[in-house]
Amino acid sequence: MLFQTLLAVEAAEKGGLFDLDATLPVIAIQFLLLVAVLNSLFYEPVTRAIDSRSDYIRTTQAEAQERLDKAVSLTRQYESEISQARLQAQQVIAEAEAAAARIRSEKLAAVQAEIQQKLEAARLQVEQEKQAALEQLQQQVDAIAAQITQKLLGSAR
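Residues numbered from 1 in each chain as written. Predicted model: local features only at pLDDT ≥ 70, side-chain atom pairs only at ≥ 80, totals over all residues. Heavy atoms only, no water.

(A) Molecular detail of the overall build of the protein chain. Check the secondary structure of the protein chain and you find two helices and zero strands. In the protein chain, which comprises 157 residues, the proportion classed as buried is 0%. For the protein chain, the accessible surface area stands at approximately 14,400 Å², while carbon and sulfur atoms represent 63% of it. (Helix = DSSP H or I, 4+ residues; strand = E, 2+ residues; numbered from the N terminus. Buried < 20%, exposed > 50% of the residue type's maximum accessible area, 1.4 Å probe, protein only. Areas by Shrake-Rupley, 256 points an atom, 1.4 Å probe, with all protein chains shown as cover.)

(B) Representation of the pattern of salt bridges in the model. What the rule picks out here adds up to four salt bridges. The residue Arg58 makes a salt bridge to Asp55 at a minimum N-O spacing of 2.9 Å. Taken together, the residues Arg58 and Asp55, both in helix H2 (residues 23-156) and three residues apart, mark about one turn of the helix. Taking relative accessible area as the criterion, Asp55 reaches 39% and is therefore assigned partly exposed. Where Glu120 meets Arg123, a salt bridge forms, and the shortest distance between an N and an O atom there is 2.2 Å. Of this pair, Glu120 and Arg123 both sit in helix H2, three residues apart, which is roughly one turn of that helix. (Salt bridge = Lys/Arg side-chain N within 4 Å of Asp/Glu carboxyl O.)

(C) Region of interest: a nonpolar patch on the surface. Taken together, the side chains of Leu34, Val37, Leu38, Leu41, Phe42, Tyr43, Val46 and Ile50 present a nonpolar region at the surface, about 750 Å² in accessible area. Examined against the element boundaries, Tyr43 turns out to sit in helix H2. (Patch = residues over 30% accessible without salt bridge, like charges linked within 9 Å, V, L, I, M, F, W, Y side chains within 5 Å.)

(D) Expanded view of the packing of aromatic side chains. Across all of its chains, the model carries one aromatic pair by this definition. Relative to Tyr43, the ring of Phe42 has its centre 5.3 Å away and its plane inclined at 70°; by these criteria the two rings are edge-to-face. (Phe/Tyr/Trp six-rings, centres within 6.5 Å; stacked < 30°, edge-to-face > 60°.)

(E) Fine view of the environment of Thr47. You can see Thr47 is positioned in helix H2. In this structure Thr47 comes out as partly exposed when scored by relative accessible area, which is 41%. Polar side-chain contacts of Thr47 include one of 2.5 Å to the backbone oxygen of Tyr43. (Polar contact = N/O pair within 3.5 Å; in protein donor to acceptor, adjacent residues only side chain to side chain.)

Structure (structure tokens):
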């Protein structure tokens, strides 16, 4: 405390708190040198590092956005191609089903025609056999009638 008092008294004797002698310019020069040294040794490298990191972040972010946009466009393109492939697959399936139905109808019609031909052939054969049986029966009837007539005529004589 005594030391502070002596300093205050000495400062009061010299002219007050701010004495404009040679120490003020020296302190100002020292301050400016300190600012210049700090600027060259600390602030400029830190500012360059911050700027380079900011540039790196900006470029990386821009590249990431470009890649994201490209991925989105590729996704849309692939989804479009997949939907087109699904449509084509559905068309192929529909065509195959139509072809199968057509083939089935053709084969069914062919089988029905064959069955109809066989039925007609069987009907004709049955009709022929019927005619043959009727002719044979007629011949037998004629033969029996002739025998009966002969027996009747032979006994009437």
